[in-house]
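So the chains spell out like this:
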Amino acid sequence: DESGCADWQIGNANMLVLRAAKQAVDAADGSTVRRALMLANVYGGALLRGDHFRSLVAVCGELVPLLESFSGELDLRQLKLAQARGLRMCGNRKEACRLFESLVTTLKSTSERSSAYLNLALGYRSQKMENEAVDAARECMKIEPKSPDALQAKAIVITIASDAGEERDAKLRAAEL
């Protein structure tokens, strides 16, 4: 949760979480694997809140395939959502958008879907994919119209429309000369 954690502390915590998940998967015990997944979700959330995005991406990059190798039913959406947020914040926007796209329609809670659509809009916008950004922002606004996510999504739509208007005006001025 703290942004001032030393790298060695995060590295140690990464190793503990990974070890717990590996031991649980190796034991093939469903309840132990679910507990390891809960630990991974809590840890991923703490890394997000502490702005440790690179560590989050690294640990999720190992945890997700490990947990996917378990033969039982697991809900990895929360962990993958944290991974996608980390990817976007680290500048790996294409991969983040692909992950958000695969998750957004499967998320159960409105706040998670709203947040995923907003992050998708931000990822598209940073890639200069304005139409996709506007579509994702509008989906976010439909889910919870009065939420902070919807307000930020509305700002994205307005900014993109404003930028398009300024670009159009500049082209018209250039054509007049």
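Not measured: the values here are computed from a predicted model. (Residues numbered from 1 in each chain as written. Predicted model: local features only at pLDDT ≥ 70, side-chain atom pairs only at ≥ 80, totals over all residues. Heavy atoms only, no water.)

Turning to the overall build of the chain, a few remarks are in order. Along its length, the chain carries eight helices and zero strands. From first element to last, N terminus to C terminus, the chain shows the α and β order α-α-α-α-α-α-α-α. Buried residues in the chain amount to 41% of all 177 residues. A fraction of 56% describes how many contacts in the chain between residues 6 or more apart in sequence connect residues 24 or more apart. Accessible surface computed for the chain: about 10200 Å², of which carbon and sulfur atoms make up 52%. (Helix = DSSP H or I, 4+ residues; strand = E, 2+ residues; numbered from the N terminus. Buried < 20%, exposed > 50% of the residue type's maximum accessible area, 1.4 Å probe, protein only. Contact = heavy atoms within 4.5 Å. Areas by Shrake-Rupley, 256 points an atom, 1.4 Å probe, with all protein chains shown as cover.)

A separate point is unusual backbone geometry. Here Ala28, not a glycine, exhibits a phi torsion of approximately 55 degrees, which is positive. Note on placement: Ala28 falls in the loop between α1 (7-27) and α2 (30-49). Ala28 sits in the exposed class, given a relative accessible area of 52%. The phi torsion at Lys128 lies on the positive side, around 65 degrees, for a residue other than glycine.

This next bit is on the environment of Ala20. For Ala20, the position within the fold is in helix α1. The sequence separation of Ala20 and Met38 amounts to 18 residues, and the corresponding C-alpha distance is 11 Å. Setting aside chain neighbours within four positions, we find Ala20 in contact with Ala36 and Leu39.

Under the criterion given, the structure shown has zero disulfides. Among the cysteines around Cys90, which has no disulfide bond, Cys60 carries the closest sulfur, lying 11 Å off. When its relative accessible area of 27% is taken as the criterion, Cys90 is described as partly exposed. (Disulfide = S-S within 2.5 Å.)

Per-residue pLDDT for the chain averages 90, and the proportion of residues at 70 or more is 90%. Ranking the elements of the chain by mean pLDDT puts helix α8 (residues 148-176) last with 78 and helix α7 (residues 130-143) first with 95. (pLDDT = per-residue confidence, 0-100.)

The next thing to look at is a negative patch on the surface. Residues Glu101, Glu130, Glu132 and Asp135 make up a contiguous surface patch of negative charge. When residues of the negative patch are assigned to their parent elements, the largest contribution, three residues, is made by α7. Examined against the element boundaries, Glu132 turns out to sit in helix α7. Owing to a relative accessible area of 33%, Glu132 belongs among the partly exposed residues under this scheme. (Patch = residues over 30% accessible without salt bridge, like charges linked within 9 Å, V, L, I, M, F, W, Y side chains within 5 Å. Salt bridge = Lys/Arg side-chain N within 4 Å of Asp/Glu carboxyl O. Lys, Arg positive; Asp, Glu negative; His and termini not counted. Charge placed at Lys NZ, Arg CZ, Asp CG, Glu CD.)

A few words now on helix α4 (residues 77-89). With 13 residues, α4 should reach 18 Å at 1.5 Å per residue; the first-to-last C-alpha distance of 18 Å fits that figure. Arg77, Leu79, Leu81, Ala82, Gln83, Ala84, Gly86, Leu87 and Arg88 are the residues of α4 that are buried. Structurally, α4 contributes buried residues whose contacts are with α2, α3 (53-68), α5 (93-104) and α6 (110-126). Just past α4, the residue Gly91 takes up positive phi, approximately 95 degrees. (Expected span 1.5 Å × (residues − 1).)

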